[in-house]
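Summary of structural features
This is what each chain is made of:
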Amino acid sequence: MTSATINGIAVEVPEGTTILEAARSLQIEIPTLCKHPDLDPTAACGLCIVKAKGINRMLRACCTPLEKDMQITTHDPELVEVRRSVVELILSKHPNQCLTCGRNRNCELQTLASDFGIRQVEFADIVPDYDLYDDTSVLTIDPRKCIGCGRCVEVCQNIQNVHALCFLNRGYDTRIAAAGVNLGESPCVKCGQCSAHCPTGAIVELDETAIVWDYLKDSSLLTTVQIAPAVRVAIGEAFGLPPGTNVTGKLYAALRRMGFDRVFDTNFGADVTILEEGSEFIERFLHRKGELPLITSCCPAWVDFMEKFYGDMIDHFSTTKSPHEIVGVLAKTYYAKREGLDPARMRVVSIMPCTAKKWEIKRGASMSASGYQDVDVSLTTRELARMIKQAGIDFRNLPDEPCDRILGEYSGAGTIFGATGGVMEAALRTAQDLLTGQSLDKIDFEAMRGMKGVKEGTVVIAGKEVRVAVAHGLSHVESVLRRVQEAKEKGEDPPYHFIEVMACPGGCVGGGGQLYGVTDEVRRARARGLYSEDEAMTLRKSHENPEVKRLYAEFLEKPLGQKSHSLLHTQYQARLTYAR
Amino acid sequence: MAKMTFEELDRVREEQRERTAKTSWIRIGTSTCGVAAGAEAVVRAVSDEVRRRDLPVEVQRVGCLGLCYAEPLMEVNVAGAPRTLYGEVGVETALRIVEEHVVNGRPVAGLAMPGVESLGVPDVPSNGTKQVRIVLRNCGMLDPTKIEDAIGRDAYQGLKRALSELGPEGVIAEMKASGLRGRGGAGYPTWLKWKFLREAPGTEKYMICNADEGDPGAYMDRGVLEGDPHAVIEGMLIACFATGCSTGYFYIRAEYPLAIDRIEGALRQARRMGLLGKNIMGTDFCCDLEVRLGAGAFVCGEETALMHSIEGRRGTPRPRPPFPAQHGLWGKPTNINNVETFANIGPIMARGGAWFGGYGTETSRGTKVFAVTGKVRHSGLVEIPMGTTLREVVVDICGGVAGNHRIKAVQTGGPSGGVIPAPLLDTPISYETLQALGSIMGSGGMIVMDETDSMIDIALFYTGFCVEESCGKCAPCRLGGKQMHLLLEKIRSGKASWSDIGTMRRLCTTMQKASLCGLGQTAPNPVLSTLRYFEDEYRAVIVGAPA
Amino acid sequence: MADAVMVPDISRTVQKWRSKPGSLIMALHEIQNRYGYVPRNVSLQLAQLMNVPLARIYEVITFYNYFRLEPPGKHNLSVCMGTACYLKGAPALLDTLKNELHVEEGETTPDGEFHLESVRCVGCCGLAPVVVANGETLAKVGVNAIGGLLARCRNEQKED
Ligand SMILES: Cc1cc2nc3c(=O)[nH]c(=O)nc-3n(C[C@H](O)[C@H](O)[C@H](O)COP(=O)(O)O)c2cc1C
Ligand code: SF4
Ligand code: SF4
Ligand code: SF4
Ligand code: SF4
Ligand code: SF4
Ligand code: SF4
Ligand code: SF4
Ligand code: SF4
Ligand code: FES
Ligand code: FES
Ligand code: FES
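Residues numbered from 1 in each chain as written. Chains lettered and ligands numbered in written order. Predicted model: local features only at pLDDT ≥ 70, side-chain atom pairs only at ≥ 80, totals over all residues. Heavy atoms only, no water.

1. What to know about the overall build of chain B
Check the secondary structure of chain B and you find 21 helices and 15 strands. For chain B, the C-alpha radius of gyration of 24 Å lies close to 24 Å, the compact-globule estimate for 547 residues. Reported as C-alpha extents along the three principal axes, the dimensions of chain B are approximately 75 × 60 × 40 Å. Taking all 547 residues of chain B together, 66% fall into the buried category. Across chain B, the fraction of contacts at a sequence separation of at least 24, relative to all contacts at a separation of at least 6, is 70%. If you sum the accessible surface of chain B, you get close to 17,800 Å²; carbon and sulfur atoms cover 51% of it. Separation between the mean location of the 61 positive side-chain charges and that of the 62 negative ones in chain B comes to 4 Å. (Helix = DSSP H or I, 4+ residues; strand = E, 2+ residues; numbered from the N terminus. Rg over C-alpha atoms; globule rule 2.2 N^0.38 Å. Buried < 20%, exposed > 50% of the residue type's maximum accessible area, 1.4 Å probe, protein only. Contact = heavy atoms within 4.5 Å. Areas by Shrake-Rupley, 256 points an atom, 1.4 Å probe, with all protein chains shown as cover. Lys, Arg positive; Asp, Glu negative; His and termini not counted. Charge placed at Lys NZ, Arg CZ, Asp CG, Glu CD.)

Below, the structure is given as structure tokens:
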């Protein structure tokens, strides 16, 4: 332990604690702009400066460990003046466009400018005229709004190991960009983690809410909507509810009030995914039909990553589509048929924690298995939150409403899809029953839960050892893949039989399209929200979902059957990209 | 060649000494400046002439003598005539000197350099009586491409003593006794840095020689690298030995192709001779050194940026702590010293720390090399004991300003330093005194300005430099530097009001306090020091400045 | 035009540096020395062969003054704008060259003959002002010498 004083208050913290953390433990808020709790400090902004007695220069609180007997001052008129000048300097090279900015009222720079009461920027206006990048159809990068904090680069290069983004040039001409090309030609996998970590509006998702309003305006269309598991435990934050609050019922109500004709739930699709994927697993594991390990594929950023960088491992991918694509195709086939609707006049809108889903819905021909594009628009949690506000809905006080049938009922297994390890846990619940032909009581697989980057375990089912792994955050994923490749090269048994992968740290609860301000604490709270819903349910296994059973009985016949194959499965192809 | 041992080193030295004593020679300075001034043509002409006439004289290509203003330089030493240094030698004059001095034994009085006396190390020519040459002991005295030349002039004797007598702890003790402080600018005690590295846990450690020399207008390190590469290599080896490193890197700026060549060549020779590599001089000390190049970024002189650059990344600094001694190159404990720092080590080991500490002042020991340039009559490299006054350097040694002008100021410390006005030139040079004047010692750039030079221009020049060289990582420097530059332009154009000076001071404080690395923290110094000593120049262009 | 020879050439560079940690900058120096700049397709190959992300290569190329993404001119003129040269009249040299060649700093003449740059000190400050012409350092260059320098460059090129 290290003891010191901050603003005259004694503090004792573990060795290595930064001045920033130590100050927070004393309820002292030091302003920061470049530091993000997920990331190593870049020390770029210079706002977190503090004074230490006996040291002439000012120290950066975000990255300086508190040392024994330090006497720290965090706030005095000089510190405030220097900090204000730094904010002013940043504003001198920043376009004054808050009103039309994706981060208006939700921007760390704007908040600082407001807190420091900056009324005028005394320095010259040096806003450059860099071009916008928006060619991924997913993200828009406005390098003029970039304050050079380096968070996106840190995420993209070190957490995701994609290396799409980097800084080009130097000095005041330093800018954020892909490697000399547009983002669309880069290895970017559209995970959106850069946008989720950017403190400003420099990287935002493409806003497609207008398209959805157009659907809703058009009375000749039947517009359906579905919400992903991870959305229900995050969107409440936009309305002042604590992270992890499960607002499923309110969401259904809000969507209905906004004018959606049918409100479905992606969780239903998740249960279907498990049946298909679980069956794939059994085929491969028991009947040796296909490569092991089987790797999940419901995360489109991960699909993109695999296609780009591990084209030789495509055979390991589950061909089952992601849950919202399954709901999309079933809406335009199964549901349309039952209700006598013309799929050409139907629209499917997905509300996702995800930016990559915007790309997934147009990934290839199999995304139009119904004969029409199965999902028409995919909005992020953030986009929906804005729409709810536009619609004038007092979200917090809405009554709970139920989902529409027959693409709405779901099991606890379906809901935990939204957290890392959830897909694996759901799959194991189903796989063990299918393998043993019994209904087993073992429901919880705790080893799959939590924020550890790679989680491993061995499950004994019907006397057979099933080795599984769960990885989230693409650099963790790669470490798992490498183990698989190494075993393959050496001709050894695969280290795992089944692997769950999510591109975003924490899984979809920490998705790139979720509400801003995510930290591990928030991820955990959101995941807890999902797990408690699961625990409270009696229906906790995908294959026991009555609507799913009905789907197979009335329409699909059996998992991996011919109809499933044409509607619920997809193909992958290696995509060449430049080295990263 | 016999296996290198302590005895073999001494044998080569003796052999070389005898050979030198017997040889008549013509030395021509072929460092970058000499070449730029036309030395290659002189070498060619003289060599041809010597060969044609079959003269018993050896033509040697040597390093920088430090008298840059008089390049090309040629020194002649033949039996029966006094050793003479000639300046501004062209092909024709060179041939004339060969004819008269070499052949006829009569030095050409009219062409000899005036005021060149032998000082310090007895055979070093120098343009003044105040110089003591430790760092530059061999520059201009030997052919830097021949390791035997260097050994003949005591190269690797310090290493020998370190290995045979002192041991690592003894080396550090000797360093402590010498009082040597880093010559790269900050002046941190070298022995202490070595001690930290030695005590750092782990077996994989790195030593780096900072040869980035980014200060525009300074070339002390180039002079040593080109003129006496083995001095730096020896220093590096001793440092590696004392701290437990088996790998070292030279980080040399790419703008110095000749220096790179010389170091690479010297490393090859040292390796071949068994002074580098496995079991150096028969001991169990193993060490190898490699060259890595810069690529045009001043900020890479900063330690953490430099390490990023060696790792093949953008040269952006990172916060310290952790310090390089804890977490350096590839995360391993590392020490970085400047070229000049290393060049001092050999003599300190060979002659003892106390000998070295005998020069200089109480807190600033030894000598310091300065590159004196600008509006000075005799620009060049000068090595003086600390405590010498600025005036002695600029006026006594370098002849004051040229033409009919008067000295206005001297700038030290480059973009991180400040101007010192003429009335303060009697200040003795030391780390502390220069800092007290609002400048810094820096690495040794000393730019002389006369009264025709505008101080606002100078401030503008340096801030322009910092704008171009800022790495762009941290907001205070990336944007503050640019705004400072724009504000100075506004001032120079006569469009500023006095309140802009207030804004300027606020900017300076912000950069000093909130910038991440030394570049941004010190970038305001040229502005602040010109404001401090030459405020009237600012007042003159600002309408409505208060009296 | 040089595309055909690039493959073997860079594999030699790669072989030399790949096993040494952090040698990207050394490899880029070799490439630029060979081609005068770092062509994009060479960067792409380098990324593959050295197993370095292309983004890293671009970060580095655009950070360091030394590396270029565009081909240089046939004759490269750098005016030293270090402190010593600045004081001794380098700005006038630079202006003269800009006027004579009708280019700004960092630009190449439309005919590809001359590329003009400034450099911050080549360490020859004692002989200021200095111009580096095609790698050769010229000392104490006066404004009057510029015409001759350009003429010499032009002639050289006529001869070959
Ligand atoms: C922006 C910046 C540039 C620097 N440039 C150099 C340089 O070119 N050469 C050098 O030796 N030190 C330079 N330094 C100082 C080094 O960071 C470091 O302190 C020095 O190399 C340590 O060696 P020393 O202890 O022997 O002086 C620079 C520092 C800063 C902040
Ligand atoms: S990024 Fe923030 S400060 Fe900049 S325009 Fe957008 S909201 Fe305003
Ligand atoms: S905050 Fe000010 S500038 Fe912004 S919308 Fe309101 S009135 Fe307009
Ligand atoms: S979306 Fe993901 S991969 Fe693409 S730039 Fe952002 S962080 Fe990198
Ligand atoms: S784009 Fe955003 S996250 Fe990336 S450096 Fe700029 S401000 Fe930071
Ligand atoms: S958890 Fe993620 S991948 Fe799964 S359905 Fe939800 S958004 Fe899609
Ligand atoms: S982890 Fe979820 S939110 Fe993130 S990219 Fe994958 S599906 Fe989208
Ligand atoms: S002070 Fe300047 S050079 Fe140093 S880190 Fe900041 S931006 Fe880079
Ligand atoms: S090389 Fe010459 S001209 Fe260039 S900076 Fe040095 S002294 Fe000045
Ligand atoms: S928060 Fe510490 S430097 Fe930005
Ligand atoms: S470089 Fe030759 S004397 Fe200076
Ligand atoms: S200032 Fe021009 S060479 Fe140093």
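Picking up after the structure, the text goes on.
2. So, the overall build of chain C
Summing up its helical and strand segments, chain C has seven helices and four strands in all. Element order for chain C, N to C, with α for helix and β for strand: α-α-α-α-β-α-α-β-β-β-α. Along the first, second and third principal axes, the C-alpha set of chain C runs to 50 × 35 × 20 Å. A burial count over chain C gives 58% of its 160 residues as buried. Across chain C, every contact between residues at least 6 apart in sequence was considered, and the portion connecting residues at least 24 apart equals 58%. Seen as two clouds, the 16 positive and the 17 negative side-chain charges of chain C have centres 8 Å apart.

3. Here we look at the interface of chain B and chain C
At the junction of the two partners, chain B supplies 53 residues and chain C supplies 37 residues. Carbon and sulfur atoms make up 61% of the area that chain B and chain C hide from each other, which totals about 3,500 Å². Counting the surface chain B buries against chain C, the share from its top three residues, B:Ala295, B:Arg314 and B:Phe461, is 18%. The tally of links from chain B across to chain C stands at two salt bridges. A salt bridge links B:Glu290 to C:Lys20, with the shortest nitrogen-to-oxygen separation between them at 4.0 Å. Between the two partners, chain B and chain C, sit 16 residue pairs in polar contact (both at pLDDT 80 or more). Elements that contribute at least two residues to the side of chain B that touches chain C include exactly helix H2 (32-36), strand S9 (288-293), helix H11 (303-310), strand S11 (367-374), strand S15 (445-450) and helix H16 (455-469) of chain B. For the side of chain B that touches chain C, the element with the highest residue contribution is H16(B), accounting for eight residues. The residue inventory of the side of chain B that touches chain C, partitioned by class, reads 26 nonpolar, 12 polar and 15 charged. (Buried area = accessible area lost by both parts, 1.4 Å probe. Salt bridge = Lys/Arg side-chain N within 4 Å of Asp/Glu carboxyl O. Polar contact = N/O pair within 3.5 Å; in protein donor to acceptor, adjacent residues only side chain to side chain. Nonpolar A, V, L, I, M, F, W, Y, C, P; charged D, E, K, R; others polar.)

4. Here we look at the interface of chain A and chain B
Contacts between chain A and chain B engage 36 residues on the former and 31 residues on the latter. In this assembly, chain A packs against chain B so that about 2,800 Å² is buried in total across both faces, 56% of it on carbon and sulfur atoms. Of all residues in chain A, A:Leu89, A:Arg170 and A:Tyr172 give up the largest surface area on contact with chain B, accounting jointly for 23% of the area buried on that side. At the junction of chain A and chain B, the tally comes to three salt bridges. For the salt bridge of A:Glu88 with B:Arg506, the shortest nitrogen-to-oxygen distance reads 3.1 Å.

5. Brief notes about the pattern of salt bridges
Enumeration according to the criterion identifies 94 salt bridges over all chains in this entry. One salt bridge connects A:Asp520 with A:Arg523, and the closest N-O pair in it is separated by 2.9 Å. Of this pair, A:Asp520 and A:Arg523 are both found in helix H16 (residues 520-536), three residues apart, which corresponds to roughly one turn of the helix. Classification of A:Asp520 by relative accessible area gives partly exposed; the value is 34%. On the basis of relative accessibility, which here comes to 0%, the residue A:Arg523 falls in the buried class. The partner of B:Lys160 in a salt bridge is B:Asp10, and the shortest N-O contact between them spans 2.7 Å. Here B:Lys160 is found in helix H6 (residues 157-178), whereas its partner B:Asp10 is found in helix H1 (residues 6-22), with 150 residues between them in sequence. When its relative accessible area of 17% is taken as the criterion, B:Lys160 is described as buried. A relative accessible area of 24% places B:Asp10 in the partly exposed class. Connected via shared salt-bridge partners are A:Glu425, A:Arg429, A:Asp444, A:Arg449, A:Asp534 and A:Arg540.

6. Overview of the confidence of the model for chain C
All names here are of chain C. In the predicted model, chain C carries a mean pLDDT of 90, and the fraction of residues at 70 or more is 92%. Across residues 1-5, confidence stays below pLDDT 50; counting only partners more than four residues off in sequence or on other chains, it has two contacts. Two numbers describe this predicted complex: its pTM, 0.95, and its ipTM, 0.95. (pLDDT = per-residue confidence, 0-100.)

7. A few points about the nonpolar core
Counting 354 residues, the largest nonpolar core has A:Trp302, B:Tyr156 and B:Phe250 as the members making the most contacts within it. The element that contributes the greatest number of residues to this core is helix H9 (residues 229-243) of chain B, accounting for 10 residues. Setting aside chain neighbours within four positions, we find B:Tyr156 in contact with B:Leu9, B:Ile147, B:Ile151, B:His230, B:Ile233, B:Glu234, B:Leu237, B:Ala270, B:Leu275 and B:Met281. In this structure, A:Val272, A:Ile326, A:Leu551 and A:Leu568 belong to the second largest nonpolar core, which totals 26 residues. (Core = buried A, V, L, I, M, F, W, Y, C linked by side-chain atoms within 4.5 Å.)

8. Brief notes about the environment of A:Val204
Residue and element names in this part refer to chain A. Following the sequence through the fold, Val204 ends up in strand S9 (residues 203-205). As a C-alpha pair, Val204 and Glu360 span 156 residues in sequence and 18 Å in three-dimensional space. Apart from the residues within four sequence positions on either side, Val204 is in contact with Gly102, Arg103, Val138, Leu139, Thr140, Ser195 and Tyr516.

9. Considerations on the confidence of the model for chain B
Looking at chain B, the pLDDT average stands at 94 and 97% of residues meet or exceed 70. Note that pLDDT drops below 50 for residues 118-122 of chain B; the model gives that stretch 10 contacts with residues more than four away or on any other chain.

10. Examining the side chain of B:Lys375
Relative to the helices and strands, B:Lys375 is located in the loop between S11 and strand S12 (380-385). Within the structure, B:Lys375 has its side chain in polar contact with the side chain of B:Asp453 (distance 2.9 Å). In this structure B:Lys375 touches B:Gly400, B:Val401, B:Ala402, B:Val448, B:Met449, B:Asp450, B:Thr452, B:Asp453, C:Leu87 and C:Lys88, once residues within four positions along its chain are discounted.

11. Some words on the sheet that holds strand S1 (residues 2-6) of chain A
All names here are of chain A. Across the sheet, which stays open at both edges, the five strands sit in the order S2-S1-S5-S3-S4 with mixed pairing between neighbours. The outermost strands of the open sheet, each flanked by one partner alone, are strand S2 (9-13) and strand S4 (59-60). As judged from the two bridges shared by strand S3 (residues 49-52) and strand S5 (residues 71-73), these two strands associate in the antiparallel manner. The partner of Lys51 across the bridge, within S5, is Thr73. Packed on one face of the sheet, helix H2 (residues 77-92) meets S3 and S5 and runs near 150° to S3. (Pairing = 2+ DSSP bridges. Axes fitted to C-alpha atoms, helices over the stretch in contact; angles between N-to-C directions.)

12. Quick word on the environment of A:Cys107
Relative to the assigned elements, A:Cys107 resides in the loop between H2 and helix H3 (108-115). Sequence-wise, A:Cys107 and A:Tyr516 are 409 residues apart; in three dimensions their C-alpha atoms are separated by 9.3 Å.

13. Let's talk about the packing of helix H8 (residues 266-287) of chain A against helix H10 (residues 323-339) of chain A
Residue and element names in this part refer to chain A. One way to put it is that H8 packs onto H10 with a least axis distance of 7 Å and a crossing angle of 100°. It follows from the interaxial angle that H8 and H10 lie roughly perpendicular. Facing H8, whose interface residues are Thr266, Phe268, Gly269, Ala270, Val272 and Thr273, H10 presents Pro323, His324, Ile326, Val327 and Leu330. Here the contact of H8 with H10 is composed, by residue class, of seven nonpolar, four polar and no charged. (Parallel < 35°, antiparallel > 145°, perpendicular 65-115°, else oblique.)

14. A short note on the domain arrangement of chain B
All names here are of chain B. Per the domain assignment, the segments making up chain B are domain 1 (25-114), domain 2 (150-356), domain 3 (368-450) and domain 4 (455-541). On a C-alpha basis, the centres of domain 1 and domain 2 stand 34 Å from each other. Of the residues lining the interface, seven residues belong to domain 1; the matching set on domain 2 comes to seven residues. With both sides pooled, the region where domain 1 packs onto domain 2 buries about 510 Å², and carbon together with sulfur makes up 49% of that total. The tally of links from domain 1 across to domain 2 stands at zero salt bridges. Here domain 1 and domain 2 share two residue pairs in polar contact (both at pLDDT 80 or more) between them. Tallied by class, the residues present in the side of domain 1 that touches domain 2 amount to three nonpolar, four polar and no charged. (Domains from an automatic or database assignment.)

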